[in-house]
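Okay, here's what each chain looks like letter by letter:
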Amino acid sequence: FYFAWAGMRRADRTFLTMHVALLAGGRGEYHAALDYGLSVFPVAFYDTEQRLALARRFRPRALYGTTSYFGHLAAVAGDEVGTLGVEILLTGAEAASIAWFEKLQRQFKARAADRYGLTQMAVDHMFTCEHGIGTRERPGILHNVDPYVLLEVIDPETGRHVKDGEAGEIVVTSLYRTDVPMIRCRTRDRAVYRAAGACPCGRSWPGIEIGSVGRIDDMKKIKGINVWPQAVDELLFGDPEVEEYQVRLTTDERAGDLATLRVMPAASLNAAKRAALQETLAKALRQKIGIGFAVEVLAPGALDRSTYKARRWIDERVQLRS
Ligand SMILES: [Zn+2]
């Protein structure tokens, strides 16, 4: 379903950027791609420069890997990624905002097709259809491959199923795993549920909304306010000047929370432009997230770009847990 909906054809040259090792992630992708009949180039063994050299030579139609790795590749290659002839980015293995997907699509001049799976399920079972990631106004839907997996999205407090358009915790049941049964497994993943028929494609398979997925445990309580890292992500990657960022949470001398946002711009900025970006972001964060952040604008290259799953939040607060 994933490959067909993404517009992949048999024998399409596909660079697999995930390692094929003993982990489910990477092996699942490799075998699925072979089974579909793609020409798979397992390039994870090579470093990013070598992968780029191989891409220039073999001109893959698709890249298959984790979402944040494609961001890393684009940052290393610069404008060249838009000239490699890549048409399809098979993203996944982590939650990402619509703004992040849009940025990738612009950089590669390709369209993204996303997937969702769980290690416990040993499979990906939700995929975007022909409508892909959609738009911020109308986000795409990761459709659950219904005949094999039962998807529920529940209110974690009451255990009741949420309505179309509401957020809750993803609960999955595998209808074919017999060795390690998976029955109503609570994932601690939070997402917005979309009922059957909610997607313009008209399919009767329900799913979850793109850009709405996050870990329930990821929710940060900062200065007494619930903050979803996804919302901060959306805001920052919606600004074309922002290349990468990091949020550091600390405790001040009065035991209050301190949130510091360190932003790495795409290009080097003079003092006036730095100050302007700092002010714009601080204002936008206060308005949309509801708390004040200390904003520092760094030099390009100052932050390590994440090559696997993005690690953007550092929580160093003195925790008082009851
Ligand atoms: Zn659809």
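Quick caveat: nothing in here was measured; it's all calculated off a predicted structure.

Another point: the packing of helix 5 (residues 98-108) against helix 6 (residues 229-237). Where helix 5 contacts helix 6, the axes come no closer than 7 Å and their chain directions differ by 35°. For the pair helix 5 and helix 6, contact is made by I98, A99, W100 and K103 and by D233, E234 and F237, respectively.

Here we come to the sheet that holds strand 19 (residues 313-315). Taken together, four strands build an open sheet; the order of strands is 18-17-16-19 and the sheet is mixed. Because the sheet does not close on itself, it has two edges, and the strands there are strand 18 (294-297) and strand 19. For this sheet the average axis-to-axis angle between neighbouring strands, irrespective of direction, equals 15°. Inspection of the sheet shows strand 16 (residues 242-251) paired to strand 17 (residues 257-265) by nine bridges, in the antiparallel sense. If you follow E244 over to strand 17, its bridge partner there is M264.

Now for helix 7 (residues 271-288). Between the first and last C-alpha of helix 7 there are 26 Å, a value that for 18 residues agrees with the 26 Å anticipated at 1.5 Å per step. For helix 7, the set of buried residues is L277, L281, A284 and L285. One side of helix 7 carries all its buried residues, which in axial view fall inside an arc of 100°. Away from its buried face, by an angle of more than 90 degrees, helix 7 presents the exposed residues A271, A272, E279, K283, R286 and Q287. In this structure, the buried residues of helix 7 make contact with helix 6, strand 16, strand 17 and strand 18.

L89, F108, V172, I208, V232, L261 and F293 are the most contacted members of the largest nonpolar core, which totals 68 residues. Top contributing element to this core by residue count: helix 5, with six residues. When residues no more than four places from it in sequence are discounted, the contact partners of I208 are Y116, M126, G140, I141, L142, V153, I170, A191, V192, R194 and V213. A6, A62, L90 and A113 belong to the second-largest nonpolar core, a separate cluster that totals 21 residues.

Attention now moves to the pattern of salt bridges. Counted under the stated rule, the structure contains 20 salt bridges. The partner of R61 in a salt bridge is E87, and the shortest N-O contact between them spans 2.9 Å. Residue R61 is located in the loop between helix 3 (48-58) and strand 3 (62-64), and its partner E87 is located in the loop between helix 4 (67-77) and strand 4 (88-90); the two are separated by 26 residues in the primary sequence. By relative accessible area, which is 11% here, R61 ends up buried. One salt bridge connects E102 with R136, and the closest N-O pair in it is separated by 2.7 Å.

Mapped onto the elements of the fold, T173 is located in strand 10 (residues 167-174). At 2.9 Å, the side chain of T173 forms a polar contact with the backbone nitrogen of R184. Residues in contact with T173, not counting those within four places in the same chain, are Y148, V149, L150, E152, M182, I183 and R184.

Among the 11 residues that make up helix 5, nine are buried, leaving the element largely enclosed by the rest of the structure. Buried within helix 5 we find I98, A99, W100, F101, E102, K103, L104, Q105 and F108. Residues of helix 5 that are buried sit in contact with strand 3, helix 4, strand 4, strand 5 (111-113), helix 6 and strand 16. Immediately beyond the C-terminal end of helix 5, within one or two residues, lies K109, with a positive phi of roughly 55°.

On the basis of relative accessibility, which here comes to 37%, the residue E87 falls in the partly exposed class. Through-space distance from the C-alpha of E87 to that of E316 is 41 Å; in sequence the pair is 229 residues apart. Once you skip the residues sitting within four places of it in the chain, E87 turns out to touch R61, A110 and R111.

Now for the coordination of the zinc ion. For the zinc ion, every protein donor is listed as C129 (SG), H143 (NE2), C199 (SG) and C201 (SG), and the spread of their distances is 2.1 to 2.3 Å. Taken together, the four donor atoms coordinating the zinc ion span angles of 105 to 119° at the metal, a pattern that classifies the geometry as tetrahedral. Here the donor residues of the zinc ion share one chain and are spaced in sequence as C-x13-H-x55-C-x1-C. Of the two residues, H143 sits in strand 8 (residues 141-144) while C199 sits in the loop between strand 11 (185-194) and strand 12 (207-209), which places them 56 residues apart along the sequence. The pair formed by H143 and C199 is uniform in burial state, with each residue classed as buried.

Further remarks concern the sheet that holds strand 3. Here five strands make up an open sheet; going across it, the order is 2-1-3-4-5 and the pairing parallel. The strands lining the two open edges of the sheet, one partner per strand, are strand 2 (39-42) and strand 5. Each adjacent strand pair in this sheet contributes to an overall mean axis angle of 25°, direction not counted. Taken together, the three bridges between strand 3 and strand 4 define a ladder with parallel strand orientation. From the neighbouring strand, Y64 faces strand 4, where its bridge partner is L90. Strands in contact with helix 2 (residues 24-36) are strand 1 (13-16), strand 2 and strand 3; relative to strand 2, the strand with the most contacts, it is inclined by about 150°. The strands that helix 3 touches are strand 1 and strand 2; relative to strand 1, the one it contacts most, it runs at about 175°.

The rules we used
Residues numbered from 1 in each chain as written. Predicted model: local features only at pLDDT ≥ 70, side-chain atom pairs only at ≥ 80, totals over all residues. Heavy atoms only, no water. Axes fitted to C-alpha atoms, helices over the stretch in contact; angles between N-to-C directions. Helix = DSSP H or I, 4+ residues; strand = E, 2+ residues; numbered from the N terminus. Contact = heavy atoms within 4.5 Å. Pairing = 2+ DSSP bridges. Expected span 1.5 Å × (residues − 1). Buried < 20%, exposed > 50% of the residue type's maximum accessible area, 1.4 Å probe, protein only. Arc of directions from axis to C-beta. Core = buried A, V, L, I, M, F, W, Y, C linked by side-chain atoms within 4.5 Å. Salt bridge = Lys/Arg side-chain N within 4 Å of Asp/Glu carboxyl O. Polar contact = N/O pair within 3.5 Å; in protein donor to acceptor, adjacent residues only side chain to side chain. Donors = N, O, S within 2.8 Å, 3.2 Å for Na, K, Ca; no water. Tetrahedral: all angles 85-135°; square planar, octahedral: opposite > 155°, others 65-115°.

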